[in-house]
Structures are given as structure tokens and as C-alpha cells.
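Take a look at the letters that make up each chain.
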Amino acid sequence: MLTSADLDTLLLTLKVAGISTSVMLLLGTPLAWWLARTRSAWKGVINAVVALPLVLPPTVLGFYLLVLMGPAGVIGKFTNWLGLGALPFTFAGLVVASALYSMPFVVQPLQAAFTTIGQQPLEAAATLRASPLDTFFSVVMPLAKPGFLTAIILGFSHTVGEFGVVLMVGGNIPDKTRVVSVQIYNHVEALEYNEAHWLAGCLLVFSFAVLLTLYTVLKTQPVAHQLK
Amino acid sequence: MSLNTFFRAFMALALLLYVQNGWAATVLVAVAANFSKPMTEIAEEFEKATGHSANLSFGSTGKFVSQLENGGPFEVLMSADEKGPRKLVEDGLAVPNSQFTYALGKLALWSATPGYVDDQGKILTTGGFKHLALADPKLAPYGTAAIEVLKKLELFKKLEPLFVQGENIAQTYQFVSTANAELGFVALSQVIDNGKIAKGSGWIVPSEDYAPIRQAAVLLKKGAENPAAPALLDFLKSAPALAIIKKYGYDLPK
């Protein structure tokens, strides 16, 4: 059965994923909008940077974050200066790391959705004297709804499943950074296969339910296709 | 060349290859993370002395045992404890009675900052740090030993909220060496050079403060037929190997 420590890791994981997804939406939406509209020469570079976590081993990202966010690193010095202290081993640090890691799963579906909308609806809205902000909320967002849903579901579930980055920057602290994927790993290493099975089973059911929703209810294209 | 001569020549060649193979084989070794530095040196000496070679894999004992239980390919396990080898023998995966202690692990309290940890470990009482790194006691004997030390000093309750746990001792070292944790309990072998703590500052925890970390090696059944596997286990008891083990701060088994 699931122990109370296992349940704690599940709850913490949902919390990390929920907050990271919100952060990713807040930062990713303007970024995706810019990427969908811009003719800037920087577009290719930014696209590549956003997609980097897709191909980078999580341990590479985790290692760099550990070094950069540490007290001697650039980010660590900045957060210290802000009075926040160093981020590794904290809940906030985990959210930052997760958001970076899962960012392509939010930005890319949004960017695809924004690109598909095209120029016409925006011009129509402009002739009706809608402000750009009004246009975004009353025209773009409803039209891009499938893109938003895909972004939320993929961003959330990808954060739930994340392991390598958390292992590197988390420090395995109960209720702060001990998420479910790390807990499963520890169960397996401690040869507690029964506990590992229960938790792993939960994640398997969860992941399948997410993808089933994505493909049946929302009727989206397979993920691989979306990301192209 | 008649077919018969050809066949004979072929058999002779095969025999030669077989003998050569028996002469210089490669053994696949799973090595506990704390022993990675000494083992790399020992493997070099082993190759020079015997002509065999050793392929080393570093990680936590728990992971290796788990992998071996599920068909992992290792032929020798150099564990950080005695539990792993014993379990493998019980489960019929290791050769019975091949198990022996090759080193006694030593614990150090270490910081990457010079002058931070005094040589008595008083800093644990005075405090002033936000994180104390140690290996997960559930997975690593060095973690268990660290907990024992803290309990003996009656500091466990006070310091527990500051714990950051590495999955193995290598990760624990990484937390401290990047200064993300001000200090932490690591394996002495990770920070020692020529009998002294090489960089930063540290306290070599007295051996009587924790139960001996008896690191055992075992021959797995997968390696029983490979001449290099028992050769490596024998080599671990040889003078050159013992000298390397001692150089890295381990006590020698009696």
C-alpha cells in the first residue's frame, strides 16, 4: 500500500507541477506569441534555446543549475543579493528548475496555435477598434484554446515525471523536494519493490489518463507531431 | 591443404584464442561510489600485474544489487556494505563464501571552504549553516554512519531539518563541493590526498563514533567462469592493492 510518506511525495509533486505550469504559462504565453509573430533574426536562436531541454540530458541541465544556482554561481549570487538565498534544496528552486525543463512543452504547442490563427482575425479585430490586449483575450485565446489545453496538460504531466533535474538540485528533503519520481527511485534502490510498484502504478495510470484525455477528449495530434 | 589439415589448423587457432582469452580476460566490476578513486588506481595495477583488465562501473550499492537481482551483467560487486553481498549470496546470485571485507570505510565532515570545519567537528554544535549534506541513510552506509555520529553527539533532532540527502556518497560530495551545502558527511576517500584533507576543511570523524563501515566484495555467479574475476578479488588482498586502499584513508580489514 501507499505509505503516508509516499502520499506526501505525491501531493508535493502535484504542487510543484501546478505551480511550475502556472509559471510556464505566464512566461511562455508572451514568449510563444513573440515567436509566432516576429521576423527578428533572433527567432531561430530563441527557438533553439527554448527547445534545448528536449534534447539535453536532464542531468546536464541539473548539473548546470546546481552550479549556477549555488552560492558561488551567477544565479546564486543574484538571488543572494535579492535576499532569497541560494535556490538548490528549496521548493522555489525546484519550481524554477522544473519550469525551465518543461518549458518547450508549453511554448511549442502555444506557438503552433498562435501561428495557425494567422493575421486575418487580428486585422478584423483591429478594424472593430479592439485594443491589442482586448484582441488577445477575446480573439486569440478562444481560437488558441486547444493549444492552451495541450500546453497545460503536457507541461503539467512532464513536470510530474521529471527526475534527473530534481535528483541533481533537490537534495531529497521531505515535503520540500522529495517528489514522487525520486521516491520511486529510492524505493527501488532500497529493494522495496512493493512500495515502488504502488507508486509507479499510480504514475502509470496518471500518465495514461492524461494522454487519453489529450487524444480522445481534446482530439489533438500526437505529441511528436505537435512539436515539429 | 586437405580439409583435415585445415580443420586441425582451425582447431589449433581456436585453442590458441581460447587460451589467450583465458590469459587476458576482462572483468566487469560494480564499484560503490565511495571507492571509485582507489579502485581506478587498483585496476591499473591489476592490469599491469596480471594482464587482465577490469571494466569499472560506479554507483550506489543499492542500485547495483537491484540491477543484479534483475539480470545485471556485473561479475564482481564491490559493495559499500556487507548487506548487499550477503543478499546476493542468499538469492543464489553470488558464489557462496566468496564474500570478504576489502576495506573499512571512514567518514569525514567536510566543507569546500578552507577553515570552515575545525578538526574537532565543533561546528556541528556551534551551527551557523543552513544545509548539512549526507548520503540517504536508507541507501548508503555512509549515511547511516553520519546519523549514528549525530545521535552520539545528541545533535540529530537539532540538525535534522537542515539535512540534504544525496542518493549516494558521490552526489553528497557534489552538494558540498559546489558549496550548495556549507558542509556535509562524505567518505574520507573523496577528500583525502597523501594522508591529509586535500582542499577545503574537514574533520576526520573518530572511528569509535560509528559502527565500522565494512565494505565487502563478492564474486557473482556470472563471473565464476571468468578467470579475471577471482584474479581481481585475489588482487584486492595483495600488498600493492592494500597500499592504495590505505592511501585513500581506509582502514584495512584485520
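Residues numbered from 1 in each chain as written. Chains lettered and ligands numbered in written order. Predicted model: local features only at pLDDT ≥ 70, side-chain atom pairs only at ≥ 80, totals over all residues.

Student: Could you give an account of the environment of B:Phe156, naming the residues involved and the relevant values?
Tutor: Tracing the backbone shows B:Phe156 in helix H7 (residues 156-159). Ignoring anything within four residues of it in the chain, the contact list for B:Phe156 reads B:Ile147, B:Leu150 and B:Lys151. (Helix = DSSP H or I, 4+ residues; strand = E, 2+ residues; numbered from the N terminus. Contact = placed C-beta atoms within 7 Å.)

Student: Give a description of the interface of chain B and chain A that names residues and reports values.
Tutor: Contacts between chain B and chain A engage 17 residues on the former and 17 residues on the latter. Of all the elements in the fold, those that place two or more residues in the side of chain B that touches chain A are helix H3 (61-69) and strand E7 (163-166) of chain B. Broken down by element, the side of chain B that touches chain A gets its largest block of residues, four residues, from H3(B). Of the residues assigned to the side of chain B that touches chain A, the class counts are six nonpolar, seven polar and four charged. (Nonpolar A, V, L, I, M, F, W, Y, C, P; charged D, E, K, R; others polar.)

Student: Describe in detail the sheet that holds strand E12 (residues 213-219) of chain B, supporting the description with residues and values.
Tutor: Residue and element names in this part refer to chain B. Pairing is mixed across the open sheet formed by five strands, whose spatial order is E2-E1-E3-E12-E4. Since the sheet does not close on itself, it has two edges, and those belong to strand E2 (53-59) and strand E4 (100-105), each with one partner. This sheet shows a mean twist of 20 degrees between the axes of neighbouring strands, independent of strand direction. Its contacts with the sheet put helix H4 (residues 83-90) on strand E3 (76-78) and E12, and the angle it makes with E12 is roughly 35 degrees. (Pairing = 2+ DSSP bridges. Axes fitted to C-alpha atoms, helices over the stretch in contact; angles between N-to-C directions.)

Student: Would you mind going over the pairing of E2(B) in detail, with residue names and values included?
Tutor: Residues and elements named next belong to chain B. In the sheet, strand E1 (residues 26-32) pairs with E2 via seven bridges, with the strands oriented parallel. Looking at E2, one finds that Leu-28 is bridged to Asn-55. The handedness of the E1 to E2 crossover, carried by helix H2 (residues 36-50), is right-handed. (Right-handed = clockwise from strand over helix to strand, strands pointing away.)

Student: Lay out helix H2 (residues 43-55) of chain A with the relevant residues and their values.
Tutor: Over its 13 residues, H2(A) runs 19 Å from end to end, which matches the ideal 18 Å to within 8%, given 1.5 Å per residue. For H2(A), the principal kink sits at A:Val49 and spans about 30 degrees; a proline, A:Pro53, occurs within the next four residues. (Expected span 1.5 Å × (residues − 1). Bend = angle between axes of the 7 residues up to and from the residue.)

Student: So what's going on with the nonpolar core? Residues and values would help.
Tutor: When a protein is soluble and globular, its nonpolar side chains tend to lie buried together. Ranked by size, the top nonpolar core spans 80 residues in total, and within it B:Val76, B:Leu77, B:Met78, B:Leu107, B:Tyr142 and B:Leu232 carry the most contacts. Here this core spans two domains, since at least three of its residues come from each of domain 1 (3-104 + 213-247) and domain 2 (107-204) of chain B. Excluding residues within four positions of it along the chain, B:Tyr142 makes contact with B:Asn34, B:Ala80, B:Gly105, B:Leu107, B:Ala135, B:Ile169, B:Phe185, B:Ala187 and B:Ile213. Among the nonpolar cores identified, the runner-up in size contains 48 residues, and A:Met69, A:Ile153, A:Val179 and A:Val182 belong to it. (Core = buried A, V, L, I, M, F, W, Y, C linked by C-beta atoms within 7 Å. Buried ≥ 20, exposed ≤ 12 C-beta atoms within 10 Å, placed from the backbone. Domains from an automatic or database assignment.)

Read these as layout, nothing more, since geometry by itself doesn't imply function.
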